[in-house]
Amino acid sequence: MIKTIAKIKQLPAKYQVLILLLITLWGVWLSRYPDTFGLLSNYLQYSLLGITGAIFANATGAGGGVIFIPVFNNLSFSAEQSIATSFAIQCFGMTAGALTWRHHYKTLQQTSNLWSQLPTLLLLCTPLSIMGLWTTLTFELPPPSTLEHSFSLFSIILGLAIIYSSSKLKPNACYRRLGSLELVILGVFTYLGGIITAWLSVGVGEIIVIYLMLRRVDPTLAVATGVIVTAMTVWTTSFIHFGEHSDAYFNVVLFAGPGAVIGGILAKKLALYLPVKRLKLFFASWIILSGVAMLLIQ
């Protein structure tokens, strides 16, 4: 917690004000519950879930739903509750991660030739990701299978893709910028990722990061792009998942959300200072195991 406070103090004043505002709103939200102490004793442990999910999401570019959905499935949430709760928590964690990565770009990487492509990547990917997500919601496109089955298969494929992309990372590799055709292909993949995200609450960030890494883009730039695009994408559904008729389980969101903010702030340091390959291999193994486990218990 002390390290988290220190990291917050290093952020620009406007970010500190935003975090203080979020903490204030959280306090007001908590005070509206009649049995505050009972709520704390029953749901405080979900803060750890939020921290874990956000660290994974913002250090690798994968959405926090990769962590949340298996947990919610184990808690016997309905598919609608799992997706809505995951989206709501990601509005906290991915936003904190996006602001942290943006600050990293502004203070350390803005003059870097490789990172100079970040605005182009965001301008390309963000609207296409949102379009993909809202294509699914507007036309009510059904997922190819149940949430559990679809998520399990996606997790296994994602884990294998991360392992494969990590194997392409070479020490002292010469990273590069994307060409025009590669940007077009990335746009197509991003749109499809938005569709998948509407079904599973994960997808677009993972697809962006894996494609960029395979094209030998700086891995930290790939992660930053995936995180920021995911953050802006999930917020376009906030009026649904925080609305009166939301399926989100707000007792969990109340504690996992702030935890996700902490994880989102800490994640960048983990991504920058731990060996990228080992970090990704560890999380890929966990994703594959969780996907296999969900398939076996169906």
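Residues numbered from 1 in each chain as written. Predicted model: local features only at pLDDT ≥ 70, side-chain atom pairs only at ≥ 80, totals over all residues. Heavy atoms only, no water.

The packing of two helices is summarised by the inter-axis angle and the distance between the axes. Taken N-terminus to C-terminus, the directions of helix H6 (residues 79–109) and helix H13 (residues 250–273) make an angle of 30°; their axes are 8 Å apart at the nearest point. Classified by the angle between their axes, H6 and H13 sit roughly parallel to one another. As H6 runs across H13, the sense of the crossing is right-handed. On the side of H6, the interface is formed by Thr85, Ala88, Ile89, Phe92, Gly93, Ala96, Gly97, Thr100, Trp101 and His104, while H13 contributes Val252, Val253, Ala256, Gly257, Pro258, Ala260, Val261, Gly264, Ile265, Lys268, Ala271 and Leu272. Of the residues assigned to the contact of H6 with H13, the class counts are 14 nonpolar, 7 polar and 1 charged. (Axes fitted to C-alpha atoms, helices over the stretch in contact; angles between N-to-C directions. Helix = DSSP H or I, 4+ residues; strand = E, 2+ residues; numbered from the N terminus. Parallel < 35°, antiparallel > 145°, perpendicular 65-115°, else oblique. Left-handed = near helix turned anticlockwise from the far one by under 90°. Contact = heavy atoms within 4.5 Å. Nonpolar A, V, L, I, M, F, W, Y, C, P; charged D, E, K, R; others polar.)

Structurally, Leu20 can be placed in helix H2 (residues 13–31). Linking Leu20 and Trp115, residues 95 residues apart in sequence, is a C-alpha distance of 30 Å.

Moving on, we get to the packing of aromatic side chains. Inspection of the entire model under this criterion finds 14 aromatic pairs. Measuring from ring centre to ring centre gives 5.1 Å for Phe77 and Tyr249, while their planes differ by 15°; the resulting arrangement is stacked. Of this pair, Phe77 sits in the loop between helix H5 (65–74) and H6 while Tyr249 sits in the loop between helix H12 (238–241) and H13; the two residues are 172 residues apart in sequence, bridging distant segments of the chain. Judged by its relative accessible area of 11%, Phe77 falls in the buried class. For Tyr249, a relative accessible area of 28% corresponds to the partly exposed category. (Phe/Tyr/Trp six-rings, centres within 6.5 Å; stacked < 30°, edge-to-face > 60°. Buried < 20%, exposed > 50% of the residue type's maximum accessible area, 1.4 Å probe, protein only.)

A few words on the state of the cysteines. Evaluated as defined, the whole model comprises 0 disulfides. Of the cysteine sulfurs around Cys91, a residue in no disulfide, the closest is that of Cys125, at 19 Å. Judged by its relative accessible area of 2%, Cys91 falls in the buried class. (Disulfide = S-S within 2.5 Å.)

A word on the pattern of salt bridges. What the rule picks out here adds up to 2 salt bridges. Measuring nitrogen to oxygen at the nearest pair gives 3.0 Å for the salt bridge that ties Arg176 to Glu182. Glu182 gets classed as buried once you look at its relative accessible area, which sits at 10%. Between Glu182 and Arg215 there is a salt bridge, and its shortest N-O distance comes to 2.8 Å. (Salt bridge = Lys/Arg side-chain N within 4 Å of Asp/Glu carboxyl O.)

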